[in-house]
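The primary structure of each chain is shown beneath.
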Amino acid sequence: MDTQIKTARASAVCSTLGGELISYKLDGKEYVWEGIPEYWASHTPVLFPTVGSTIDESVKFEGVAYPLKKHGFARKMEFKLVEAEGDKLTYLLTDSPETKEVYPYNFNLFITHKITDEGFTTEFKVVNTDDKPIVFCIGGHPGFRCPINDGEKFSDYKLVFEKVEDEEVIYTTNYGGGYIDKSLPAADKLKNTNEWELTHEDYDVDVLLTKKLKSRKVKLVHKVTGKGVEFDFNGFNALGVWTPPKKKAPFVCLEPWNGLPAHLDETGNFEDKPYAITLPVGAEYSVGYKVKIID
């Protein structure tokens with residue numbers, strides 16, 4: 001079920017499928033990827049309880065193997081709309097016999113989308129309803145139109161980070177499902193610079209992934225006009241940049257992650273995953289991202 005919310009100038013549509021925001025328009029202009037299936041059918045999915053690929057689509061929780069697939073299950077499940085205000089929607093997913101087949105814990109996962117005349121925010125909140133600590137990773141995967149306007153090209157845009165960076169940008173492999181392969185050379189996209197020009201060819205392997213960034217914000221903007229979106233990913237440990245390999249798709253995803261795809265040489269124990277979160281009994285964990293329109 002889709003639900004629309006509005007402000008004076010903005011409108012958004014969200015869905016119970018994945019609890020996903022599927023449209024954000026300001027003054028009638030769309031900024032979120034429309035989800036055209038020939039490129040990528042999603043819009044802004046949540047990644048839970050894992051981020052990225054798992055080795056042979058399997059992980060171990062407390063030593064027991066479970067068939068957990070890439071990016072987890074939440075993005076493909078029906079949420080319940082539990083709160084609807086004029087400019088805000090909150091969705092809820094709870095554990096079920098279906099989730100227990102791949103993830104052994106009791107939980108509540110809330111997703112709240114709030115819009116303004118300047119942009120939108122998406123917040124994830126995980127509540128431990130189990131009688132023991134639970135472990136999980138969580139991330140976003142929002143896609144933005146690129147180019148935003150007719151008559152522009154993907155390569156007319158660039159990413160501008162708020163601080164000059166000096167971090168390696170690593171690839172994940174597109175063979176076997178997108179693992180981190182330490183044998184692949186790192187890219188120099190963010191060596192002593194805060195600007196990252198966009199070309200489709202950079203993503204012919206798979207996602208480009210950054211860790212330990214000093215910046216907490218990045219802008220996706222047209223090189224000449226400076227118009228686009230500002231993306232605030234404060235609270236996340238890693239940021240992926242992705243567009244489908246070899247499709248020349250008219251969008252780019254800015255993916256804030258607490259968790260990483262599998263390393264080819266990892267143990268397979270979920271507790272060992274980088275940035276995995278262990279949540280005590282009865283505790284809550286919240287993280288989210290903000291989008292501001294630059295126009």
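The following refers to the structure shown. Values in this document were obtained by computation on a predicted structure and should not be read as measured data.

## Some remarks on the environment of aspartate 181
Next up, step 1: The topology assignment puts aspartate 181 in the loop between β15 (157–171) and β16 (187–197).
Next up, step 2: You can call aspartate 181 buried: its relative accessible area is 11%.

## What about empty space enclosed by the protein?
Next up, step 1: One pass over the full model with this rule turns up 1 cavity of 30 Å³ or more.
Next up, step 2: Taken together, Gly18, Gly19, Glu20, Thr44, Pro45, Val46, Ile111, His113, Thr122, Phe124 and Tyr289 make up the full set of residues lining the largest cavity.
Next up, step 3: For the lining of the largest cavity, the residue count by class is 5 nonpolar, 5 polar and 1 charged.

## Examining the packing of aromatic side chains
Next up, step 1: For the coordinates displayed, the defined rule picks out 24 aromatic pairs.
Next up, step 2: Ring centres of tryptophan 33 and tyrosine 39 lie 6.0 Å apart, and the angle between their planes is 75°; on these two criteria the pair is classed as edge-to-face.
Next up, step 3: Taking the relative accessible area as the measure of exposure, tryptophan 33 reaches 1% and is therefore buried.
Next up, step 4: Ring centres 6.0 Å apart and planes at 70° place the aromatic pair phenylalanine 144 and phenylalanine 231 in the edge-to-face group. Remark: phenylalanine 231 occurs in strand β19 (residues 228–232) and phenylalanine 144 occurs in strand β14 (residues 143–145); sequence separation between them is 87 residues.
Next up, step 5: By the ring-pair criterion, three or more aromatic residues cluster together here, those being Phe48, Phe61, Tyr66, Phe73, Tyr103, Tyr105, Phe107, Phe136, Phe270 and Tyr285.

## Things to note about the state of the cysteines
Next up, step 1: Scanning the entire structure with this criterion turns up 0 disulfides.
Next up, step 2: Here cysteine 14 is not cross-linked by a disulfide; its sulfur's nearest cysteine counterpart is in cysteine 253, at 17 Å.

## What to know about the side chain of threonine 44
Next up, step 1: The topology assignment puts threonine 44 in the loop between β4 (29–30) and β5 (46–47).
Next up, step 2: Separated by 2.7 Å, the side chain of threonine 44 and the backbone oxygen of leucine 21 make a polar contact.
Next up, step 3: With near-sequence residues (within four places) excluded, threonine 44 lies in contact with Glu20, Leu21, Val32, His141, Pro142, Gly143 and Tyr289.

## Side note on the pairing of β19
Next up, step 1: Summarising burial for β19: 5 of the 5 residues are buried, a large majority.
Next up, step 2: Two strands pair when backbone bridges link them, and strand β18 (residues 217–222) and β19 are joined in this way by 5 bridges, in the antiparallel orientation. Across the sheet, lysine 217 pairs through a bridge with aspartate 232, a residue of β19.
Next up, step 3: Two successive antiparallel strands, β18 and β19, enclose a turn made up of 5 residues, where glycine 226 displays a positive phi of approximately 75°.

## Observations concerning a positive patch on the surface
Next up, step 1: On the surface, Lys217, Lys219, Lys290 and Lys292 cluster together into a positively charged patch.
Next up, step 2: Every element with two or more residues in the positive patch is listed here: β18 and β23 (284–294).
Next up, step 3: Positionally, lysine 217 belongs in strand β18.

## Regarding the sheet that holds strand β2 (residues 10–15)
Next up, step 1: Read from one edge of the open sheet, 4 strands run β1-β2-β3-β4, paired in antiparallel fashion. Looking at the sheet topology across the chains shown, the edges are occupied by β1 (2–6) and β4.
Next up, step 2: Pairing analysis gives 5 bridges linking β1 to β2, with the strands arranged antiparallel. Residue aspartate 2 lies in a different strand from β2, and its bridge partner there is serine 15.

Reading guide: rules and limits
Residues numbered from 1 in each chain as written. Predicted model: local features only at pLDDT ≥ 70, side-chain atom pairs only at ≥ 80, totals over all residues. Heavy atoms only, no water. Helix = DSSP H or I, 4+ residues; strand = E, 2+ residues; numbered from the N terminus. Buried < 20%, exposed > 50% of the residue type's maximum accessible area, 1.4 Å probe, protein only. 1 Å grid on protein atoms, 1.4 Å probe; cavity = no way out; pocket = protein on both sides within 12 Å on 5 of 7 lines; lining within 4 Å. Points joined across faces, edges and corners; volume = space filled by probe spheres on them. Nonpolar A, V, L, I, M, F, W, Y, C, P; charged D, E, K, R; others polar. Phe/Tyr/Trp six-rings, centres within 6.5 Å; stacked < 30°, edge-to-face > 60°. Disulfide = S-S within 2.5 Å. Polar contact = N/O pair within 3.5 Å; in protein donor to acceptor, adjacent residues only side chain to side chain. Contact = heavy atoms within 4.5 Å. Pairing = 2+ DSSP bridges. Patch = residues over 30% accessible without salt bridge, like charges linked within 9 Å, V, L, I, M, F, W, Y side chains within 5 Å. Areas by Shrake-Rupley, 256 points an atom, 1.4 Å probe, with all protein chains shown as cover. Salt bridge = Lys/Arg side-chain N within 4 Å of Asp/Glu carboxyl O. Lys, Arg positive; Asp, Glu negative; His and termini not counted. Charge placed at Lys NZ, Arg CZ, Asp CG, Glu CD.

Treat this as a map of the structure, not an account of what it does.
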